[in-house]
Amino acid sequence: MYTLSSAELERYVCVCGARHCKLWRFPANFTRAKGLRCATCALAVANLVTEIGPKGRHSLGTPAKNEPMDTDRIGILVPAVPIPKEGVGNYWRYNSIPKSAREWWETLPTYSQISL
Ligand SMILES: [Zn+2]
């Protein structure tokens, strides 16, 4: 089962302060200092205007071969799914997110319900 500690959840926050929602991250070759992005902020980074669906997917991506037309990547940003107990800032590689961890991420609200 996939669970994060309260400390890990506490750090799962967008640079804008949004929390308790899906977050995206820059690929590993970008500095961690760039921080996590909520759907709204990720769309701004990617310069995309679209609605992200409940499972974190949208159809404005450029799917690679054999990928569906909809994607959960936003521009270069990929879903930020923390690796439990690996320390803050460690995330599953996009292609190796375990099923239970991906389900956890998909279940998070897409947009933060907390007014900022
Ligand atoms: Zn944000």
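Residues numbered from 1 in each chain as written. Predicted model: local features only at pLDDT ≥ 70, side-chain atom pairs only at ≥ 80, totals over all residues.

Peer 1: For this particular structure, what's the right way to read the nonpolar core?
Peer 2: One recurring pattern in soluble globular proteins: nonpolar side chains tend to sit buried together. In this structure, Leu 23, Trp 24, Cys 38, Ala 42, Leu 77 and Ala 80 are the most contacted members of the largest nonpolar core, which totals 18 residues. In terms of residues, this core owes the most to one element, helix α2 (residues 39-46), which gives 3 residues. If we ignore the near neighbours within four places in the chain, the residues touching Cys 38 are Cys 14, Cys 16, Ala 18, Cys 21, Leu 23 and Ser 112. (Core = buried A, V, L, I, M, F, W, Y, C linked by C-beta atoms within 7 Å. Buried ≥ 20, exposed ≤ 12 C-beta atoms within 10 Å, placed from the backbone. Helix = DSSP H or I, 4+ residues; strand = E, 2+ residues; numbered from the N terminus. Contact = placed C-beta atoms within 7 Å.)

Peer 1: Looking at this structure, I do not really get the environment of Leu 48. What am I missing?
Peer 2: You can see Leu 48 is positioned in the loop between α2 and β2 (78-79). Take Leu 48: there are 14 C-beta atoms within 10 Å of it, and that puts it in the partly exposed class. Put simply, Leu 48 and Gly 61 are 13 residues apart on the chain and 9.4 Å apart in space, counted from C-alpha to C-alpha. Setting aside chain neighbours within four positions, we find Leu 48 in contact with Leu 43, Leu 60, Ile 74 and Gly 75.

Peer 1: Honestly, α2 in this entry has me stumped. Any pointers?
Peer 2: In an α-helix, one turn spans 3.6 residues, which is why side chains three or four residues apart end up on the same side. The complete set of buried residues in α2 reads Ala 39, Ala 42 and Leu 43. One face of α2 carries all of its buried residues, which in axial projection span an arc of 100 degrees. The elements touched by buried residues of α2 are β1 (24-25). (Arc of directions from axis to C-beta.)

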